[in-house]
Amino acid sequence: MHRSAPRLSRILVCAAVPVMLVVAGCSSDSDDTKGSGSSTSPGAKKSQPSVEPAKFAALPDACASIGKKTIENLVPKTKNKGGTPGRSSDTATRGSCSWNGLDDNGVKGSQYRWLDVGFTRFESDDALGSGAKRATDDYTKQIAKAQATEGAQKVSAAPAAGIGEQATAVTYDLTKTSEDFKYATIVARTGNVVVTLTYNGAGYAGAKAPSAADILKDAQTAAKEAVAAVAADKGEAAATVKPSAKPSAKASTKPSAKASAKPSAKTSAKTSR
């Protein structure tokens, strides 16, 4: 009897040990699960806000952005009715075209006109901002650039209503080749695209110089057509935001915009200004 008591005590102690371990283990698992739930539960991580997608994903053909009739009216006797495209390594983000002509009237003198239009498109970028914001910044820079034209006189800048989302007309006089030229530069922004159009003219061999008012009016007419060309046809489309490589489901359901500007075989032609 005395020997069985210690043995019974040892059996009871051993039987109690696994019960305590199980309880302790369950308690530990419960705490761990509870503690880790806050970091792994769905929706715990908030997605970073993305910038607004760019409105336009392509640019129009710069040489086709202004109607042929307008070119004939603004640049009589133009050397190249189809225009001379400017050099561009990426026609989806930058393009330009120019026209010039001399209407020779013999002893009555001659009239010279030069027209140039340029497009710059900005994509939305998480680091740099939305395409519209980047375009707005460039819009301001282009206005300042036009106002700072070397040798310009009587420089004036004023809002140009009815052209894109915002537009400014910069006018000035400039003496070249011993002649007085009248200049008008229209800088406009539509969405994430900046359109810069410059038109100038002068009278040669005794011909009367064009009026600043006429040059400005014609420049605004051409600028309206150029801005309208940005959204024409398939120029407007949803654009992805850099640096994301995967288009959103919404964007992928729309047909992609075709590349607007067709590469020209002659890209090195020089235009006299």
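Computed from a predicted model, the values in this text were never measured in an experiment. (Residues numbered from 1 in each chain as written. Predicted model: local features only at pLDDT ≥ 70, side-chain atom pairs only at ≥ 80, totals over all residues. Heavy atoms only, no water.)

J.: I'd like to hear about the pairing of strand β2 (residues 94–104), residue by residue, with values.
T.: Of the strand pairs in this sheet, strand β1 (residues 84–85) and β2 are connected by two bridges, and their pairing is antiparallel. Opposite Pro85, over in β2, you have Cys97 as the bridge partner. As defined by bridge partners, β2 adjoins strand β3 (residues 110–121) across 11 bridges and the pair is classed as antiparallel. Bridge assignment links Trp99 to a residue of β3, and that residue is Leu115. The antiparallel pairing of β2 with β3 creates a hairpin that spans five residues between the two strands, and Gly106 there sits at a positive phi of about 65 degrees. (Pairing = 2+ DSSP bridges. Helix = DSSP H or I, 4+ residues; strand = E, 2+ residues; numbered from the N terminus.)

J.: Run through helix α3 (residues 131–147), naming residues and quoting values.
T.: Its 17 residues place the ends of α3 24 Å apart at the C-alpha level, agreeing with the 24 Å of an ideal helix rising 1.5 Å per residue. Next to the buried residues of α3 lie β5 (166–176), β6 (179–190) and β7 (193–204). (Expected span 1.5 Å × (residues − 1). Contact = heavy atoms within 4.5 Å.)

J.: Residues and numbers for the packing of aromatic side chains, please.
T.: Counted by the stated rule, this structure contains five aromatic pairs. When the centroid spacing of 6.1 Å and the interplanar angle of 75 degrees are considered together, the rings of Tyr112 and Phe181 count as edge-to-face. Here Phe181 lies in strand β6 and Tyr112 lies in strand β3, a separation of 69 residues in the sequence. Summarising the burial analysis for this pair, Tyr112 and Phe181 share the class buried. The interplanar angle of 85 degrees and the centroid separation of 6.3 Å between the aromatic rings of Tyr112 and Tyr204 together place this pair among those described as edge-to-face. Note that Tyr112 is positioned in strand β3 and Tyr204 in strand β7, a separation of 92 residues in sequence. For Tyr112, a relative accessible area of 8% corresponds to the buried category. Taking the relative accessible area as the measure of exposure, Tyr204 reaches 23% and is therefore partly exposed. (Phe/Tyr/Trp six-rings, centres within 6.5 Å; stacked < 30°, edge-to-face > 60°. Buried < 20%, exposed > 50% of the residue type's maximum accessible area, 1.4 Å probe, protein only.)

J.: Summarise the confidence of the model for the protein; cite the residues concerned and give the values.
T.: Of the residues in the protein, 67% reach a pLDDT of 70 or more, and the chain-wide mean stands at 78. Counted against residues more than four places away or in other chains, residues 11–40, with its pLDDT under 50, gives two contacts. Predicted confidence is poor over residues 234–241, with pLDDT under 50, and the contacts of this stretch with residues over four places away or in other chains come to 30 contacts. (pLDDT = per-residue confidence, 0-100.)

J.: Any details on the nonpolar core? Residues and values, ideally.
T.: Ranked by internal contacts, the top residues of the largest apolar core, which has 31 residues, are Ile66, Leu115, Val117 and Phe119. Broken down by secondary-structure element, the contributors of at least two residues to this core are α2 (68–74), β2, β3, β5, β6, β7 and α4 (212–231). Setting aside residues up to four positions removed in sequence, Leu115 forms contacts with Ile66, Ile71, Leu74, Val75, Cys97, Ser98, Trp99, Leu197, Thr198, Tyr199 and Ala222. Grouped together as the second largest cluster of nonpolar side chains are 15 residues, Tyr112, Phe122, Tyr172 and Leu174 included. (Core = buried A, V, L, I, M, F, W, Y, C linked by side-chain atoms within 4.5 Å.)

J.: Run through the sheet that holds β7, naming residues and quoting values.
T.: Pairing is antiparallel across the open sheet formed by seven strands, whose spatial order is β1-β2-β3-β7-β6-β5-β4. The sheet terminates laterally at β1 and β4 (153–159), the two strands that pair on one side only.

J.: Could you give an account of the state of the cysteines, with specific residues and numbers?
T.: According to the stated counting rule, one finds one disulfide in the structure shown. Between the sulfur atoms of Cys63 and its disulfide partner Cys97 the distance amounts to 2.1 Å. On the sign convention where negative is left-handed, the bridge of Cys63 and Cys97, at about 95 degrees about the S-S bond, is right-handed. With Cys63 in the loop between α1 (4–40) and α2 and Cys97 in strand β2, the pair connects residues that are 34 residues apart, well separated along the chain. The pair formed by Cys63 and Cys97 is uniform in burial state, with each residue classed as buried. (Disulfide = S-S within 2.5 Å.)

J.: Talk me through α4; I want residue IDs and the actual numbers.
T.: Three or four residues apart is the spacing at which side chains of an α-helix point the same way, because the helix has 3.6 residues per turn. Here α4 is 20 residues long and its end C-alpha atoms lie 30 Å apart, about the 28 Å a rise of 1.5 Å per residue gives. Within α4, the full set of buried residues consists of Ile215, Ala219, Ala222, Ala223, Ala226, Val227, Ala229 and Val230. Taken around the axis of α4, the buried residues stretch over an arc of 145 degrees, which confines them to a single face. Residues of α4 that are exposed and angled more than 90 degrees away from the buried face: Ala213 and Lys217. (Arc of directions from axis to C-beta.)

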